[in-house]
Amino acid sequence: MTNAFDDIPGTVVFTGERARRGRHLNRFCMSLMKPENRARFLADERAYLDEWPMTEAQKRAVLERDFAAMLEEGGNIFFVLKVAAVDGRSTQSVAASLAGQTPEEYGAMMRAGGRSPEGLRSISGRF
Amino acid sequence: MARITAGVGSSHVPAIGAALDRGRTHQPEWRPIFAGYEWSQRWIAAERPDVIILVYNDHASAFSLDFVPTFAIGCADSFAPADEGWGPRQVPEVIGHPELAWHIAQSVILEEFDLTLMDRMDVDHGLTVPLSLMFGQPTAWPVRVIPLAVNVIQYPAPTANRCYRLGEAIARAVATFPEDLNVQVWGTGGMSHQLAGSRAGLINREFDTLFLDRLSEAPDALRVMPHEEYIREAGSEGMELIMWLTMRGALGPRVRELYRFYHVPASNTAVGHVVLVPEETGERSVTDDAVPRSAAA
């Protein structure tokens, strides 16, 4: 099923298709809401991930803290942010990595008023 | 009878809560944001609402993706601040108003708005940050709160128009609640911001300004705006703005804007805040009627 928002560049909308693909990745993320699970994950990340029926690509994305890959593999932004929370890492630094910028570059951009939508509305050029 | 006396729109950026909780409100990055709510803190201290119907979205705190209610109303006696992955915010427990919540649920469900009924629900920054912005850091919140959670993180979210019409139905429900209560409706989230994707960091001041103008003067234009336009102009997470329309719908056809504040940025987000009051549009009272009734007929 195609959606009108597929035409918006650089924008991940969490559809049902993504939810199905990311089901176990997002369930793993949700498990990090419990302190004891956070401790177990940090003690042996690979072993903890292997308890979940996730794809290898999903596990690798988590191990490498590759947030763009986590979204690509069906992760929902608010769920994968729980991996960042385990690391004590800010939402802004995750946003910077998704944008392909250093935290310094991204922070300066935000202080200067953020990323303009000009030229970033439409892949097809309709908007 | 209970009556809706005002509406509040406010962003609910988690980093604002963290700045407050960690005593950073006077840092240059955060000071303008808290200053932008000083008028509103004085206003609400004078208004002394009894109950706030607080429209917000949960961010993977109370709801996993195992079940995703489109609209969920909190009917519990109280709601605990959620542990969002680094321990709960050290803010007071949120005290509900179960009698009014159940009354609203019954009224709007029989009007065919099929709310999910929540008797236990932890509340995350989406709900507690606006409370902190409006009330500061009290030892107990000076108001009861009915949480109304809207799904905006699993597509499809409800339409903007559905959010507005739910607000209208809530207003009808409140008007038939027998207890004399001063009720406010708050719409939270937004304004423009995006996390998900390489367009992260998007801010659209022009759209946000238009949204705030139309919210008061021409909400019909916002009601018919499709999801993709909210996402394109305000960002993937900026679509939270549809929740402001429930607040707007609850205020009736005409409103007056008492206060507006806008600031970029709070972390990744444009902060917007308005205070609106309903204007009477029905029959004026006799003393307010300059034209004699016989002449008007």
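Structure shown above.
An account of the accompanying structure is given in this report. All of these numbers come straight from a predicted model, not from anything done at the bench. (Residues numbered from 1 in each chain as written. Chains lettered and ligands numbered in written order. Predicted model: local features only at pLDDT ≥ 70, side-chain atom pairs only at ≥ 80, totals over all residues. Heavy atoms only, no water.)

## Notes on the interface of chain B and chain A
A common way to report how large an interface is uses the accessible area buried once the components associate. Every contact between the two is made by 37 residues of chain B and, on the other side, 43 residues of chain A. Carbon and sulfur atoms supply 62% of the area buried between chain B and chain A, which totals about 3500 Å² over both sides. Summed over the shared surface of chain B and chain A, the number is 3 salt bridges. Between Arg121 of chain A and Glu233 of chain B there is a salt bridge whose closest N-O contact spans 2.9 Å. Across the chain B-chain A interface, the total number found is 22 residue pairs in polar contact (both at pLDDT 80 or more). Elements that contribute at least two residues to the side of chain B that touches chain A include exactly α9 (227-234) and β9 (255-266) of chain B. With 4 residues, the single largest contributor to the side of chain B that touches chain A is α9 of chain B. Broken down by class, the residue content of the side of chain B that touches chain A amounts to 14 nonpolar, 15 polar and 8 charged. (Contact = heavy atoms within 4.5 Å. Buried area = accessible area lost by both parts, 1.4 Å probe. Salt bridge = Lys/Arg side-chain N within 4 Å of Asp/Glu carboxyl O. Polar contact = N/O pair within 3.5 Å; in protein donor to acceptor, adjacent residues only side chain to side chain. Helix = DSSP H or I, 4+ residues; strand = E, 2+ residues; numbered from the N terminus. Nonpolar A, V, L, I, M, F, W, Y, C, P; charged D, E, K, R; others polar.)

## Some points on the packing of aromatic side chains
Counted according to the given criterion, the structure contains 15 aromatic pairs over all chains. With centroids separated by 6.1 Å and ring planes inclined at 20°, the aromatic side chains of Phe135 of chain B and Trp186 of chain B adopt a geometry described as stacked. In this pair, Phe135 of chain B is assigned in helix α5 (residues 125-135) and Trp186 of chain B in strand β8 (residues 182-188), connecting sequence segments 51 residues apart. Grouping residues by exposure puts Phe135 of chain B and Trp186 of chain B together as buried. Three or more aromatic residues joined by ring pairs form one cluster here, namely Phe28, Phe41, Tyr48 and Trp52 of chain A. Taking the ring centre of Phe127 of chain A as reference, the NZ or CZ of Arg232 of chain B above it sits at 3.4 Å. (Phe/Tyr/Trp six-rings, centres within 6.5 Å; stacked < 30°, edge-to-face > 60°. Buried < 20%, exposed > 50% of the residue type's maximum accessible area, 1.4 Å probe, protein only. Lys NZ or Arg CZ within 6 Å of the ring centre and 35° of its normal.)

Read these as geometric descriptors, not functional statements.
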